[in-house]
Every structure is written in C-alpha cells, then in structure tokens.
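Per-entry structural report
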Amino acid sequence: MLETEKKRANLSRFLSPAIVEMLMNEKAEVQLGGQKRPVTILFCDVRGFTPISEGLAPDRLVDLLNEHFTSMTEIIFEHRGTLDKYIGDSVMGLFGAPVSQGEDAVLAVRAGLTMQERNRALNLERVNRGLPPFEIGIGINTGEVFTGYIGSPKRMDFTVIGDHVNVASRLCSIAPAGKVIIGEATYAAMRDMIDVRSAGTPVLKGKTEQVNAYEVLGFRGPVPTTSPVA
C-alpha cells in the first residue's frame, strides 16, 4: 500500500488526476528509461518579469508567482497535459506524453488560449489589489522527441529532449504578450479548426533554417470539448 501511494504521489506531481488514475489502474504504462514519440510542447513565459521583481517585496513576488503557476498548471491538467517543469518564471507543459490523448496538438492550443484568457482575468484582480499585472507569451511546437525519466537512480524526473523542444522554447521567446505562437507541424495537425495569422519565418536562435510560425486567432465555430479520459 505504501508503494502504491508513493507511486500515486510521484505521478501527481506532473500528471492530471485523470491520467494518474489511468496509470494506477494499469490501463497504460509509464516506461522507465525513454522512447521516441510525437509530442506537442508548450512554453508559457512572463514578459518583463525582471522589472516586476525589482518593484516588489520578495514575499509578494513569491505569492504572485505561485498564483500564476497554480492557474497555468490547472489549465494544463484540465486539458489532459503533463507538467514538465517550472523554469524561472516559465511553465513547460507536454501533450502526448506519457500518454497520448489522440488530439494532443488541439489540446495544447486550447490550453494556450485558455491560459491567455485566464491571465487577463487574473490581471484585473491583480490591479484591483494594487499589484502589477503579468503579461505572458506562449509558444507551441509538435514533433518527435525522446521522452522518459531522466536523472539518477535517487532522483528522476519525467521530461522530453529534442530539437522540437528547443523550437517550442524559441517560439515562446518571440511570442508577443497576450499571443499564442505555433509551429508548422502544430498548425498542420489542426489547420481546418483554427484561424491564424502568419507570424513570419523567423530564424530562431540556435537554428540555421527558417521556421514557419503562426499566431493563433481562435477556433472556428464552437471550441471542441475535452472528452473525459476513459
């Protein structure tokens, strides 16, 4: 029983409750080590964080960050994603690992749009409390990456490694405040479902070739609902 609860607690750190239950019921397996698989990666980054941090007492800054991380993580879980990690003031989420939902790119883009919507609501509350607003940019990319547990026998974390992860991070870095920028493969997976505007073909840092980037304007018609995990 202790081992079961330990496993549940460990999985709950980065997986939504529904996926935790799926894995605990042995309907799917998290493989130790790693494997290659297609995944959609989302990065969410606070714009102008350094000036904000310089103008706030440390305890208030920590409270603001925790509020932000809690909201963004809840959205990742609501869309059946995986929390990979927090990096400074950034959040990294995965869709399609360790378990694919079959519509991972769609779920990631829906999550990104929801993050922007919820952040706008939080900013209204922050201003009413006399606190500075957060502005966030979001980058999303899809591709085959290495997924698995990385670390040492005493401390392992589930994560993804590969060029497509780097591209997602770079797309986030060029995303204007309030916008969701996606790569070509993500757009190709759902081009008939969303309206976009070209964000150009930037040469991303660390890459020599150009990457087609798109700003997501919204879904066409009713936004597809998130079906429950079986």
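All residue numbers here refer to positions counted from 1 along the written sequence of the relevant chain. Local features in this predicted model are restricted to residues whose pLDDT is 70 or higher, and side-chain atom pairs enter the listing and the counts only when it is 80 or higher, whereas totals over whole chains, interfaces and linings include all residues. With hydrogens and water set aside, each side-chain value is computed from the structure's full complement of heavy atoms.

Two rings belonging to Phe, Tyr or Trp (six-membered ring only in the last case) form a pair when the distance between their centres is within 6.5 Å. Interplanar angles under 30 degrees mark stacking, angles over 60 mark edge-to-face geometry, and anything in between is tilted. Summed over all chains, the structure comprises three aromatic pairs. Here Phe-69 and Tyr-86 contribute two aromatic rings whose centre-to-centre distance is 4.4 Å and whose plane-to-plane angle is 25°, an arrangement assigned as stacked. Of this pair, Phe-69 sits in helix H4 (residues 58-78) while Tyr-86 sits in strand S2 (residues 82-87); the two residues are 17 residues apart in sequence, bridging distant segments of the chain. Exposed residues in this analysis have more than 50% of their type's maximum accessible area, buried residues have under 20%, and partly exposed residues fall in between, with area computed by a 1.4 Å probe over protein chains only. A residue is classified by how much of its surface remains accessible, and Phe-69, at 10% relative accessible area, is buried. The exposure class assigned to Tyr-86 is partly exposed, which follows from its relative accessible area of 39%. Going along the chain from the N terminus, every DSSP run of H or I of four or more residues is numbered as a helix, and every run of E of two or more is numbered as a strand.

Moving on, we get to the side chain of Thr-186. Following the sequence through the fold, Thr-186 ends up in helix H7 (residues 184-188). Among the polar contacts listed, one links the side chain of Thr-186 to the side chain of Thr-142, at a separation of 2.7 Å. In what follows, residue pairs with any heavy atoms lying within 4.5 Å of each other are defined as contacts. With near-sequence residues (within four places) excluded, Thr-186 lies in contact with Ala-105, Val-109, Ile-140, Asn-141 and Thr-142. Whenever two N or O atoms come within 3.5 Å, that pair is a polar contact, provided that in protein one can donate a hydrogen and the other can accept it, and provided that, for residues adjacent in sequence, both atoms are side-chain atoms.

Nonpolar core, defined: a set of buried Ala, Val, Leu, Ile, Met, Phe, Trp, Tyr and Cys residues in which side-chain atoms within 4.5 Å join the residues together. Ranked by size, the top nonpolar core spans 37 residues in total, and within it Leu-42, Cys-44, Met-115, Ile-138, Ile-140 and Ile-182 carry the most contacts. Secondary structure elements with two or more residues in this core: strand S1 (34-47), helix H3 (49-54), H4, strand S3 (90-95), helix H5 (104-128), strand S4 (135-152), strand S6 (180-183) and strand S8 (213-219). Counting residues per element, this core draws most heavily on H4, at eight residues. Apart from residues no more than four positions distant in its own chain, Met-115 is found in contact with Leu-42, Cys-44, Met-72, Ile-75, Ile-76, Ile-136 and Ile-138. With 17 residues, the next largest nonpolar core counts Ile-41, Phe-43, Val-165 and Ala-168 among its residues.

Turning our attention to H4. Across its 21 residues, H4 extends 30 Å between first and last C-alpha, which sits within 8% of the 30 Å expected from 1.5 Å per residue. Inspection of H4 places Leu-61, Leu-64, Leu-65, His-68, Phe-69, Ser-71, Met-72, Thr-73, Ile-75, Ile-76 and Phe-77 among the buried residues, and these make up the whole buried set. A positive backbone phi angle near 60° is found at Arg-80, which sits one or two residues after H4. Every helix has an expected span of 1.5 Å times one less than the residues it contains.

Take the side chain of Thr-142 next. With respect to the secondary-structure elements, Thr-142 resides in strand S4. The exposure class of Thr-142 is buried, given its relative accessible area of 14%. In this view, Thr-142 contacts Val-39, Thr-40, Ala-105, His-164, Ala-185 and Thr-186; residues no more than four positions away in its chain are not counted.

If the charged atoms of two oppositely charged side chains come close together, the side chains can form a pair. By convention in these notes, a salt bridge is any Lys or Arg side-chain nitrogen within 4 Å of a carboxyl oxygen on Asp or Glu. A complete count under the given rule lists 11 salt bridges for this structure. Residues Asp-84 and Lys-85 are paired through a salt bridge, measuring 2.4 Å at the closest nitrogen-oxygen approach. For Lys-85, a relative accessible area of 32% gives the class partly exposed. The network of salt bridges with shared partners includes Glu-67, Arg-126 and Arg-129.

The first and last C-alpha atoms of H5 sit 36 Å apart over 25 residues, in line with the 36 Å expected at 1.5 Å per residue. Among the residues trailing H5, Gly-130 stands out with phi positive, at a value near 75°.

A few words now on the pairing of S1. Across the 14 residues of S1, 10 count as buried, placing the element largely inside the fold. Examined bridge by bridge, S1 and S4 share 14 bridges and lie antiparallel to one another. Bridging across to S4, Thr-40 finds its partner in Thr-142. Direction of pairing for S1 relative to S3: antiparallel, over a ladder of six bridges. Considered in S3, the bridge of Asp-45 is made with Ser-90. By this definition, two strands are paired if DSSP reports at least two bridges between them.

Across the junction of Ala-97 and Pro-98, the peptide omega takes the value 5°, indicating a cis bond. Positive phi, close to 60°, is recorded for Arg-80, a residue that is not glycine. Assignment of secondary structure puts Arg-80 in the loop between H4 and S2.

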